[in-house]
Amino acid sequence: MRNETWHGERRRRRLVLVPCPYQGHITPMLQLGTILYSRGFSITISHAIFNSPVPKTHPHFRFVPIPDGLSESDISSGDITHILSTINENCKLSFLHLMESQEDEIVCIIFDEHMYFAEAVATKLKLPTIILRTTSSATFLARFALLGLKAEGYIPCQDSISNDMVPKLHPLRFKDLPLPKSPDFKRAAQLVLDSYTIRNSSAVIWNTMDCLEQTCLMQIQQECPVPIFPVGPIHKIAQPTSSSLLKEDSSCIAWLDKQSRNSVVYVSLGSIASLGEKEIAEMAWGLANSEQLFLWVVRSDSIPGSNWTEILPKGFKDGLGEKGCIVKWAPQKEVLAHEAVGGFLSHCGWNSTLESISQGVPLICKPCFGDQRVNARYVCHEWKVGVELEKIERGEVERAVRKVIVDDEGKEMRERARDLKEKVEVSTRKGGSSYNYLNEVVDLIMSF
Ligand code: UDX
């Protein structure tokens with residue numbers, strides 16, 4: 001039956017969302033889709049076949065896979081720059097055909113900044129587009145700066161300057177720069193340029209917020225020809241639904257229920273970073289020696305070529321008892337919202353950072369690559385809600401865990417984290433900055 005209500009009028013307007021195929025990007029895009037669905041739009045998720053999202057968790061969306069042409073060797077290379085560049089080269093034509101074959105009127109295409117092939121197709125079809133940026137605005141500035149720093153000969157970075165401040169990029173030191181993992185700097189730099197150029201898009205939606213990043217955002221807006229809408233943290237606005245590519249093990253929530261307030265450190269390095277065998281052992285003994293409770297996510301691919309907890313030191317496993325809980329993948333947002341969790345030892349992926357800050361949980365920052373270093377620096381130095389973990393070495397892990405869970409310094413950090421949580425809540429409530437920007441996004445889409 002045709003729905004003639006105002007709500008129904010809008011529901012017939014279809015948005016196509018194109019996520020980048022990594023967990024840390026799929027999640028905010030699906031959450032944005034959930035928000036826009038609740039505002040009355042129909043949602044199509046057009047995604048690469050590699051790391052396909054799970055349709056059954058979002059039964060109201062239409063999922064349309066795009067043949068991405070990635071080979072087994074492309075995928076197993078783990079070279080994200082290569083994978084993303086290849087997807088952009090391979091998906092353009094198939095996406096064009098898919099869009100041409102859609103029966104519904106498409107109002108707008110919203111694409112992850114790294115999926116810029118979608119913009120080329122939209123321009124051909126004369127459709128408006130909006131870019132979604134899923135990392136921090138500080139990372140955006142730092143990645144742009146890398147291009148100039150390379151030209152000036154600062155990159156590759158000499159050890160002697162790694163602790164020096166980067167000119168015009170306060171508070172970042174050279175060692176905090178989001179250097180690409182890829183060995184091919186030129187290709188990585190091209191990916192940055194392709195992802196950061198606005199071209200014909202009408203606006204930028206950003207998973208960040210004024211209360212965290214106003215200075216960087218203002219700086220970017222001054223140069224940006226289209227409006228920027230910092231509507232984050234998107235997960236706080238969207239109805240909670242899982243967008244995990246891996247199966248969440250909820251048994252850890254029952255374990256957390258048995259622990260007292262702020263007594264547990266949650267340990268997770270996100271969906272991509274992995275540790276070497278020695279680092280796993282050091283982490284294990286550091287956690288054990290801290291004599292604090294811990295919930296540790298050890299992904300089954302944490303150490304390439306080894307089976308899950310086989311890699312943990314035997315003495316550590318034997319003595320584990322009730323002191324720790326180890327899972328392959330946790331319902332992270334639920335974990336961070338649990339009152340037993342008093343700290344988060346994190347790689348500082350942008351989603352993890354936002355999720356921790358939104359729950360007032362202080363961080364122990366062990367960035368592994370790319371933007372994680374920038375986020376860690378902001379967490380510790382600007383927002384002062386975390387401590388740095390320089391090395392995964394048992395003594396350092398033990399000290400950092402005790403600092404956050406037991407020491408007065410940790411209590412002070414927790415208070416600041418709670419203040420920040422309150423600010424985040426205010427920004428997503430009616431009249432708050434993220435709330436207002438979201439309304440502007442909806443108005444803009446309605447104007448197309
Ligand atoms: C990647 C990059 O590594 C990161 O630096 C960038 O900011 C985003 O893309 P990832 O490493 O996976 O992301 O980290 P993060 O951004 O923190 O995203 C991980 C997501 O997985 C979070 O939403 C987190 O809640 C979820 N997660 C993680 C789980 O649901 N369960 C887990 O056990 C671990």
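Only a predicted model underlies this, so the values are computations on that prediction, with no experimental measurement involved. (Residues numbered from 1 in each chain as written. Predicted model: local features only at pLDDT ≥ 70, side-chain atom pairs only at ≥ 80, totals over all residues.)

## Structural notes on the nonpolar core
Here comes step 1: Within the largest apolar cluster, 61 residues are counted, with the highest numbers of intra-cluster contacts made by V265, Y266, V267, L287, L295, I364 and C365.
Here comes step 2: A domain split of this core shows at least three residues from each of domain 1 (13–243 + 428–447) and domain 2 (251–425).
Here comes step 3: When neighbours within four sequence positions are excluded, V267 is seen to be in contact with L287, F294, L295, W296, V297 and L345.
Here comes step 4: In this structure, L17, L30, I83 and F229 belong to the second largest nonpolar core, which totals 50 residues. (Core = buried A, V, L, I, M, F, W, Y, C linked by C-beta atoms within 7 Å. Buried ≥ 20, exposed ≤ 12 C-beta atoms within 10 Å, placed from the backbone. Domains from an automatic or database assignment. Contact = placed C-beta atoms within 7 Å.)

## Describing the sheet that holds strand 8 (residues 264–268)
Here comes step 1: Sheet architecture is open: six strands sit in the order 10-9-8-11-12-13, paired in parallel fashion. Here the strands that pair on one side only, and so sit at the sheet edges, are strand 10 (324–327) and strand 13 (386–388). Geometrically, the sheet is characterised by an average inter-axis angle of 15 degrees between neighbouring strands, direction not taken into account.
Here comes step 2: Here strand 9 (residues 293–297) runs beside strand 10; their pairing, made up of four bridges, is parallel. Residue pairing across strands places F294 opposite G324, the latter belonging to strand 10. (Pairing = 2+ DSSP bridges. Helix = DSSP H or I, 4+ residues; strand = E, 2+ residues; numbered from the N terminus. Axes fitted to C-alpha atoms, helices over the stretch in contact; angles between N-to-C directions.)

## Points about the environment of T44
Here comes step 1: Relative to the helices and strands, T44 resides in strand 2 (residues 42–48).
Here comes step 2: Exposure remark for T44: the 21 C-beta atoms within 10 Å place this residue in the buried category.
Here comes step 3: Residues T44 and S352, 308 residues apart in the sequence, show an inter-C-alpha distance of 26 Å.

## Examining helix 2 (residues 23–38)
Here comes step 1: Look at helix 2: 22 Å from first C-alpha to last across 16 residues, which is about the 22 Å you get at 1.5 Å a residue.
Here comes step 2: By the burial criterion, the buried members of helix 2 are H25, I26, T27, P28, M29, L30, Q31, L32, G33, T34 and L36.
Here comes step 3: G40 occupies a position one or two residues after helix 2 and carries a positive phi of about 105 degrees. (Expected span 1.5 Å × (residues − 1).)

## Focus on the site of the ligand
Here comes step 1: The ligand sits among 25 residues. The nearest are G24, G270, Q332, G349 and S352.
Here comes step 2: Listed by contribution, the elements that provide at least two residues to the shell around the ligand are helix 2, helix 13 (332–337), helix 14 (350–358) and helix 15 (371–382).
Here comes step 3: For the shell around the ligand, the per-class residue count stands at seven nonpolar, 15 polar and three charged.
Here comes step 4: Of the residues that make up the shell around the ligand, three or more belong to each of domain 1 (13–243 + 428–447) and domain 2 (251–425). (Near = placed C-beta within 6 Å. Nonpolar A, V, L, I, M, F, W, Y, C, P; charged D, E, K, R; others polar.)

## Observations regarding the packing of helix 6 (residues 137–151) against helix 7 (residues 185–196)
Here comes step 1: Where helix 6 meets helix 7, the axes come as close as 11 Å, and the angle between the chain directions of the two elements is 135 degrees. Viewed along their axes, helix 6 and helix 7 adopt a mutual orientation that is oblique. Along this stretch, helix 6 crosses helix 7, giving a crossing that reads as left-handed. In this structure, helix 6 contributes F140, R143, F144, L147 and K150 to the contact, and helix 7 contributes F185, A189, V192 and Y196.
Here comes step 2: For the contact of helix 6 with helix 7, a count of residues per class yields seven nonpolar, no polar and two charged. (Parallel < 35°, antiparallel > 145°, perpendicular 65-115°, else oblique. Left-handed = near helix turned anticlockwise from the far one by under 90°.)

## Examining the pairing of strand 6 (residues 203–206)
Remember that side chains alternate between the two faces of the sheet whenever the strand is regular.
Here comes step 1: Residue alternation in strand 6 divides its side chains into two sets, A203 and I205 and V204 and W206, and both sets are buried.
Here comes step 2: Bridge count for strand 5 (residues 129–133) against strand 6 is four bridges, and the pairing is parallel. Among the inter-strand pairings, R133 is bridged to a residue of strand 6, identified as W206.
Here comes step 3: Note: strand 6 against strand 7 (residues 228–230), three bridges, orientation parallel. Counterpart to V204 in the pairing with strand 7 is I228.
Here comes step 4: Running through helix 8 (residues 210–223), the crossover from strand 6 to the neighbouring parallel element strand 7 is right-handed. (Right-handed = clockwise from strand over helix to strand, strands pointing away.)

## So, the confidence of the model for the protein chain
Here comes step 1: Within the protein chain, residue pLDDT values average 94, and 96% of them lie at 70 or more.
Here comes step 2: Throughout residues 1–9 the model reports pLDDT below 50, and contacts reaching past four residues in sequence, or to other chains, amount to three contacts.
Here comes step 3: Per the prediction output, this complex has pTM 0.96; the corresponding ipTM is 0.98. (pLDDT = per-residue confidence, 0-100.)

## Here we look at the packing of helix 6 against helix 8
Here comes step 1: One way to put it is that helix 6 packs onto helix 8 with a least axis distance of 8 Å and a crossing angle of 50 degrees. Viewed along their axes, helix 6 and helix 8 adopt a mutual orientation that is oblique. Every pair of crossing elements has a handedness; the one defined by helix 6 and helix 8 is left-handed. Residues S137, A138, F140 and L141 of helix 6 touch helix 8, and the partners they reach there are E213, C216, L217, Q219 and I220.
Here comes step 2: Each residue belonging to the contact of helix 6 with helix 8 can be placed in one class, and the counts come to six nonpolar, two polar and one charged.

## Topic: unusual backbone geometry
Here comes step 1: The peptide bond linking I155 to P156 adopts the cis configuration, its omega dihedral lying at 5 degrees.
Here comes step 2: Cis peptide bonds are those with omega within 30 degrees of zero, and the linkage from G232 to P233 qualifies with -10 degrees.
Here comes step 3: Relative to the assigned elements, P233 resides in the loop between strand 7 and helix 9 (234–237).
Here comes step 4: Positive phi is not limited to glycine here, since K168 has a value of about 60 degrees.
Here comes step 5: In this structure, K168 sits in the loop between helix 6 and helix 7.
Here comes step 6: Classification of K168 by C-beta neighbours within 10 Å gives exposed; the count is 9.

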